Amino acid sequence: MTKQFSGSCERNQQPILEQLFRLFKDRQRVLEIGSGTGQHAVFFAKHLAHINWHTSDAKTNHASINAWIEESPSQNLHSPIEFLFGEQSWPAIEMDAVFTANTTHIMQKHHAKLMMETIAANLQKGGLFCQYGPFNIDGKYTSEGNREFDLHLANEGCGGIRDINELTQWATGLRLVEKISMPANNFLLVWQRY
Ligand SMILES: C[S@@+](CC[C@H](N)C(=O)[O-])C[C@H]1O[C@@H](n2cnc3c(N)ncnc32)[C@H](O)[C@@H]1O
């Protein structure tokens, strides 16, 4: 697959960036989990020039990520690492933050659990994990649209929308320091390693 385009990335990247300006202002090296098309990486690396942004995803997505990077190369933007929870071991790069968007509801439940556990185990003290996407609160959907989306995810064989309480239970070693409401019934969850 060559260069792919995601409409949702196009729509959510500016609101996410506005939060990352603040959250990542003193960060140096970010690992992105599930870079997808590569759009977010190119956009965030351009606007957060002080950060080394490392992309990662399944090998099948690398051609698209590389195509976006080749079109907008930057010294702080790094070619993809082959990494999926449950498939490869945690990338051996130093990082002080992890970012992921719209991956938690796509991966299987046991992989979402593994993600929270692995990041908690590997992030340095004070490190941040910014996790964007739809999440449930206290066992409830936050919108009718999210309920319908979750049915669609189940039909597609995806793990589905996770509850923030469930993530919190899995994330021993991470503290949920911010729960930011984002457009279209999404959240940006900010976890910090303690
Ligand atoms: C809906 S796409 C989101 C891509 C991109 N982050 C975005 O916001 O457009 C879901 C992504 O989750 C990734 N993914 C699925 N299972 C995963 C796993 N077990 N570990 C890491 N990433 C996974 C997929 O490869 C895909 O890139």
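Use the structure listed above.
Since the structure is predicted, the reported quantities are computational estimates derived from the model, not experimental observations. (Residues numbered from 1 in each chain as written. Predicted model: local features only at pLDDT ≥ 70, side-chain atom pairs only at ≥ 80, totals over all residues.)

Trainee: Any chance you could break down the pairing of strand β5 (residues 128-133) for me, citing the residues and the numbers?
Mentor: Looking down a regular strand, the side chains alternate between one sheet face and the other. Burial analysis of β5 places five of its six residues in the buried class, the great majority of the element. Pairing of strand β4 (residues 97-101) with β5, which is carried by five bridges, proceeds in the parallel orientation. When the bridges of β5 are listed, Thr100 appears paired with Gln131. The parallel pair β4 and β5, bridged by helix α4 (residues 109-122), forms a crossover whose chirality is right-handed. (Buried ≥ 20, exposed ≤ 12 C-beta atoms within 10 Å, placed from the backbone. Helix = DSSP H or I, 4+ residues; strand = E, 2+ residues; numbered from the N terminus. Pairing = 2+ DSSP bridges. Right-handed = clockwise from strand over helix to strand, strands pointing away.)

Trainee: If you had to explain helix α1 (residues 7-23) to someone new, which residues and values would you point to?
Mentor: The end-to-end C-alpha separation of α1 is 24 Å, in line with the 24 Å expected for 17 residues at 1.5 Å each. Taking the largest bend as the criterion, α1 deviates by roughly 40 degrees, centred on Gln13, and proline Pro15 comes between one and four positions later. Buried residues of α1: Cys9, Asn12, Ile16 and Leu20, and no others. Tucked inside the fold, the buried residues of α1 contact α2 (39-47), β4, β5 and β7 (186-193). (Expected span 1.5 Å × (residues − 1). Bend = angle between axes of the 7 residues up to and from the residue. Contact = placed C-beta atoms within 7 Å.)

Trainee: I'd like a description of the sheet that holds β4, backed by residues and values.
Mentor: Spatially, the seven strands line up as an open sheet ordered β3-β2-β1-β4-β5-β7-β6, and their pairing is mixed. The sheet is open, and its two borders are formed by β3 (77-82) and β6 (174-182), each paired with just one other strand. Going across the sheet, the axis of each strand differs from the next one's by a mean of 20 degrees, ignoring polarity. Two strands pair when backbone bridges link them, and strand β1 (residues 29-33) and strand β2 (residues 52-57) are joined in this way by three bridges, in the parallel orientation. Considered in β2, the bridge of Arg29 is made with Asn52. Running at roughly 170 degrees to β5, α1 makes contact with β4, β5, β6 and β7 of the sheet. Across the sheet, α4 is in contact with β4, β5, β6 and β7; its angle to β6 comes to roughly 125 degrees. (Axes fitted to C-alpha atoms, helices over the stretch in contact; angles between N-to-C directions.)

Trainee: Any chance you could break down unusual backbone geometry for me, citing the residues and the numbers?
Mentor: The residue Asn102 is not glycine, and still its phi comes out positive at about 55 degrees. Here Asn102 shows up in the loop between β4 and α4. Accessibility expressed as a C-beta count within 10 Å gives 18 for Asn102, which makes it partly exposed. Residue Asn185 is not a glycine yet carries a positive backbone phi of 60 degrees. The residue Asn185 is located in the loop between β6 and β7 in this model. Given 15 C-beta atoms within 10 Å, Asn185 falls into the partly exposed group.

Trainee: Break down the pairing of β7 for me, citing the residues and quoting the values.
Mentor: Most of β7 is tucked away: six of the eight residues are buried. Bridging between β6 and β7 involves eight bridges; their strand directions are antiparallel. If you follow Glu178 over to β7, its bridge partner there is Val190. If you look at the hairpin formed by β6 and β7, you'll find three residues sitting between the two strands, and Ala184 has a positive phi there, around 60 degrees.

Trainee: How would you explain the nonpolar core if you had to name every residue and give the values?
Mentor: Among the nonpolar cores identified, the biggest contains 40 residues, and Val30, Ala97, Val98, Phe129 and Cys130 are the most heavily contacted of them. Discounting chain neighbours no more than four positions away, the residues touching Cys130 are Leu20, Leu23, Ala97, Phe99, Leu188 and Val190. (Core = buried A, V, L, I, M, F, W, Y, C linked by C-beta atoms within 7 Å.)

Trainee: A description of the packing of α1 against α2 should follow, citing residues and the corresponding values.
Mentor: Running from amino to carboxyl end, α1 crosses α2 at an angle of 35 degrees, the nearest separation of the two axes being 10 Å. Between α1 and α2 the crossing geometry is right-handed. Along its contact with α1, which presents Cys9, Gln13, Leu17 and Leu20, the element α2 presents Gln39, His40, Phe43, Phe44 and His47. Taken together, the residues of the contact of α1 with α2 sort by class into five nonpolar, four polar and no charged. (Left-handed = near helix turned anticlockwise from the far one by under 90°. Nonpolar A, V, L, I, M, F, W, Y, C, P; charged D, E, K, R; others polar.)

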